[in-house]
Amino acid sequence: MKVAIIGGGPAGCAAAYTLQKNKIDFELFEAAEKVGGRTKQLHRDDGYNLGTGALFLMGGIYPRTMALLSEMGRKKQLVPWAGASELMDEDHSRYPVRLDSFFSFLKVPTLGLRDKLNIIGTGLRLLVSPGARNPFDGSQLAEYDSGENLENWSRANLGDKAFEYVMRPIMDFLYAVPSRELSTPFPKALMKQGRKISLSSPEGGIGQINEWFLENVSSEKIHVSTPVEKLTLEGQLWRLAYAGGSILVDKVIIATEAYIAAELLKEHVSDDAYDRLMSTHYTEYAHVAVGYDKDPWPDYPTDIVLPVGEGGVRNVGAMVLHGRRLPASVPNGAQMVGVYFNTPPLKDMSDDDIKEEAVKQVDAAFGQAQKPSFVHLFRYKKGLTIAKPGHYKMLDKVHSLLPESIELAGDYFSQAGVEAAVHSGERAAKNLLLHRAREF
Ligand SMILES: Cc1cc2nc3c(=O)[nH]c(=O)nc-3n(C[C@H](O)[C@H](O)[C@H](O)COP(=O)(O)OP(=O)(O)OC[C@H]3O[C@@H](n4cnc5c(N)ncnc54)[C@H](O)[C@@H]3O)c2cc1C
């Protein structure tokens, strides 16, 4: 059996690793100049290592990622990060919290006794109620997708204050869109399994996991700068056409973004399957890396500042001191702040507005600093896939609408996150192995 993998993000690389492990012949095609997708690293000549997207793995709630890292002997190389954080209120008051501990939020002084009792009661109810075992498994999430939105659920079950000071800051940082656009099964699973969360990254940045997945794969099997343009069925085989060539294979794993998968499959699936893939929602996203050759805040008490408050739309979801998160990502004595924007304000902001706002927010969060040595903007028209209410059910159905020799993988089946991608890539490869076993 010969397999083609289209897309070299963590989904495609995890699929490649799984096929390699099972001695299946494959070739991987990646449109960009290197693998990694939205986890790629950008190494600057002056020694800074910028993440173009993802910044941390989340420990026990990333079960397949952790299992594969463990299997490769790489788990012990992850750099742990305490994620010491503070909420910054509209009047600039600070409340220390930890992203890896929901309980730490109970100490936020704006929460009254009633709010705290609501949080504890809801937490306990969630603990004993069923939910997704892997918070990034779209099929499991689909079982609990009632169509309710997160803001309504939070206000009703946690209360308005807890929504503003617990749920909203966490979800703004992770997904950047208003919580009324998000469904509930994922955050509920996150709350249920909160004790398993721990934050970490490989020393070289998240993108390094793709290199680890592919380290035993011959370079002849990896084709970078090679976007696949068309899929054609020839008898039982698939012909993949790319600029300058084509290849015939038995099976295909498409591990691109959903809308690209939809176009590649358009002639081979029903309108229903095409429409489901096309309706996967991706949002605009921007983050800015602000570099300082001399760290202006060596003694600052926390690593992340999360703006909060009830005053409507905020520009920024979080500011992260990357030199603390990942010391090797900055030159000695330097600092780099990641400023993660919320999506709604972006529609009215030019690139220069975003950069200017980023520096202003950094000064407000950590204290006035000297002029930065660089300000690098990452702006994506389609940055993060968002699971709106009903999304998981709508998309999970797609698997049953595909030709048997095609598998889809990508984070969009559940929730933007490396675990979603890795889980789906590994599952796609395993499904092909099952088909093969059935064919014999
Ligand atoms: C700013 C930002 C911050 C994030 N932070 C985190 C975080 O802290 N933790 C976390 O777990 N996740 C985070 N994520 C999410 C994480 O990056 C994604 O969930 C993950 O990269 C998705 O992997 P994927 O393989 O499904 O898709 P992608 O990473 O998008 O990979 C898809 C690949 O397919 C390729 N491709 C597309 N078309 C073709 C074609 N025709 N032929 C060949 N190749 C093609 C693309 O070039 C790309 O490399 C973040 C994302 C962003 C944008």
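Residues numbered from 1 in each chain as written. Predicted model: local features only at pLDDT ≥ 70, side-chain atom pairs only at ≥ 80, totals over all residues. Heavy atoms only, no water.

S.K.: Tell me about the overall build of the protein, and name the residues and values.
M.R.: Across its full length, the protein holds 14 helices and 19 strands. For a compact globule of 440 residues, the expected C-alpha radius of gyration is about 22 Å, and the protein comes in at 22 Å, within 12% of that figure. Evaluated residue by residue, the protein yields a buried proportion of 59% over its 440 residues. The long-range fraction of contacts in the protein, counting pairs at least 24 apart against all pairs at least 6 apart in sequence, stands at 71%. In the structure as shown, the protein presents an accessible area of about 17800 Å², 52% of it carried by carbon and sulfur atoms. Between the mean site of the 50 positive side-chain charges and the mean site of the 55 negative ones, the protein shows a separation of 5 Å. (Helix = DSSP H or I, 4+ residues; strand = E, 2+ residues; numbered from the N terminus. Rg over C-alpha atoms; globule rule 2.2 N^0.38 Å. Buried < 20%, exposed > 50% of the residue type's maximum accessible area, 1.4 Å probe, protein only. Contact = heavy atoms within 4.5 Å. Areas by Shrake-Rupley, 256 points an atom, 1.4 Å probe, with all protein chains shown as cover. Lys, Arg positive; Asp, Glu negative; His and termini not counted. Charge placed at Lys NZ, Arg CZ, Asp CG, Glu CD.)

S.K.: Any chance you could break down the site of the ligand for me, citing the residues and the numbers?
M.R.: Lining the immediate environment of the ligand, one finds 34 residues, of which E30, R38, Y62, D411 and V418 sit closest. Here an oxygen atom of the ligand sits 3.5 Å away from a polar atom, N or O, in the main chain of G37. L55 is positioned with one of its backbone polar atoms (N or O) 2.9 Å from an oxygen atom of the ligand. Protein burial of the ligand: of its 1000 Å² of free accessible surface, 93% is covered by the chains. If you list the elements that add at least two residues to the shell around the ligand, you get α1 (10–21), β14 (281–292), β18 (374–386) and α14 (418–439). Considered class by class, the residues forming the shell around the ligand number 18 nonpolar, 12 polar and 4 charged. (Near = heavy atom within 4 Å. Polar contact = N/O pair within 3.5 Å; in protein donor to acceptor, adjacent residues only side chain to side chain. Nonpolar A, V, L, I, M, F, W, Y, C, P; charged D, E, K, R; others polar.)

S.K.: Summarise the sheet that holds strand β16 (residues 316–321); cite the residues concerned and give the values.
M.R.: Taken in spatial order, the 7 strands line up as β7-β6-β15-β16-β17-β14-β18 in an open sheet, and their pairing is mixed. Each edge of the sheet is formed by a strand with only one pairing partner; in this case those strands are β7 (94–98) and β18. Going from strand to strand, the sheet's axes swing by 20 degrees on average, the running direction of each strand aside. Strand direction decides the pairing type here: β14 and strand β17 (residues 335–341), joined by 6 bridges, are antiparallel. Residue pairing for β17: A289 is matched across the bridge by G338. Packing of helix α6 (residues 160–175) onto the sheet brings it into contact with β6 (84–88), β7, β14, β15 (304–307), β16, β17 and β18, and relative to β16 it is tilted by some 75 degrees. (Pairing = 2+ DSSP bridges. Axes fitted to C-alpha atoms, helices over the stretch in contact; angles between N-to-C directions.)

S.K.: Lay out the packing of aromatic side chains with the relevant residues and their values.
M.R.: For the structure on display, the rule yields 15 aromatic pairs. Taken together, the ring pairs connect F56, W81, F173 and Y340 into an aromatic cluster. The cationic tip of R44 hangs over the ring face of F374; the distance from NZ or CZ to the ring centre is 3.7 Å. One cation-aromatic arrangement involves K221 over F26; the distance from NZ or CZ to the ring centre is 4.9 Å. (Phe/Tyr/Trp six-rings, centres within 6.5 Å; stacked < 30°, edge-to-face > 60°. Lys NZ or Arg CZ within 6 Å of the ring centre and 35° of its normal.)

S.K.: Explain the nonpolar core residue by residue, including any values.
M.R.: The nonpolar side chains of a soluble globular protein tend to be buried with one another. Ranked by internal contacts, the top residues of the largest apolar core, which has 91 residues, are L87, M171, F173, Y175, F213 and I253. For L87, the contacting residues outside a window of four places in its chain are S93, R94, Y95, V97, F105, V108, Y165, P169, L306 and V308. (Core = buried A, V, L, I, M, F, W, Y, C linked by side-chain atoms within 4.5 Å.)

S.K.: Lay out the side chain of T52 with the relevant residues and their values.
M.R.: Within the fold, T52 resides in the loop between β4 (49–51) and α2 (63–71). Residue T52 is classed as buried on the basis of its relative accessible area of 12%. If near-sequence neighbours (up to four positions away) are discounted, T52 is found in contact with G37, R38, T39, K40, Q41, L42, H287, F378 and Y380.

S.K.: Pulling in residues and values, what's your account of the packing of α1 against α14?
M.R.: Orientation of α1 relative to α14, taken along the N-to-C sense of each, is 40 degrees, at an axis distance of 7 Å. Accordingly, the angle class assigned to the pair α1 and α14 is oblique. With respect to the hand of their crossing, α1 and α14 are arranged in right-handed fashion. Along its contact with α1, which presents P10, A11, A14, A15, T18 and L19, the element α14 presents V418, A421, V422, S424, G425, E426, A429 and K430. Looking at the contact of α1 with α14, its residues break down into 9 nonpolar, 3 polar and 2 charged. (Parallel < 35°, antiparallel > 145°, perpendicular 65-115°, else oblique. Left-handed = near helix turned anticlockwise from the far one by under 90°.)

S.K.: Requested: an account of the environment of Y285, with residues and values cited.
M.R.: Relative to the elements of secondary structure, Y285 occurs in strand β14. Judged by its relative accessible area of 9%, Y285 is buried. In the structure, Y285 is positioned 232 residues away from G53 in sequence and 9.8 Å away in space, judged by C-alpha atoms. Beyond its immediate chain neighbours, meaning those up to four positions away, Y285 contacts F173, A176, Y340, F341, L346, F378, R379, Y380, G383 and L384.

S.K.: Go over a nonpolar patch on the surface with me, naming the residues and quoting the values.
M.R.: Taken together, I120, L124, L127 and V128 make up a surface patch of nonpolar side chains, about 400 Å² in accessible area. Tracing the backbone through its elements, the reader meets I120 in helix α3 (residues 113–128). (Patch = residues over 30% accessible without salt bridge, like charges linked within 9 Å, V, L, I, M, F, W, Y side chains within 5 Å. Salt bridge = Lys/Arg side-chain N within 4 Å of Asp/Glu carboxyl O.)

S.K.: An account of the pattern of salt bridges is requested, with residue identities and associated values reported.
M.R.: Scanning the entire structure with this criterion turns up 27 salt bridges. Ionic pairing is found between E267 and K230, a salt bridge with its closest N-O pair at 3.1 Å. Of this pair, E267 sits in the loop between α9 (258–265) and α10 (271–278) while K230 sits in strand β10 (residues 228–234); the two residues are 37 residues apart in sequence, bridging distant segments of the chain.

Coordinates in, geometry out; function isn't part of it.
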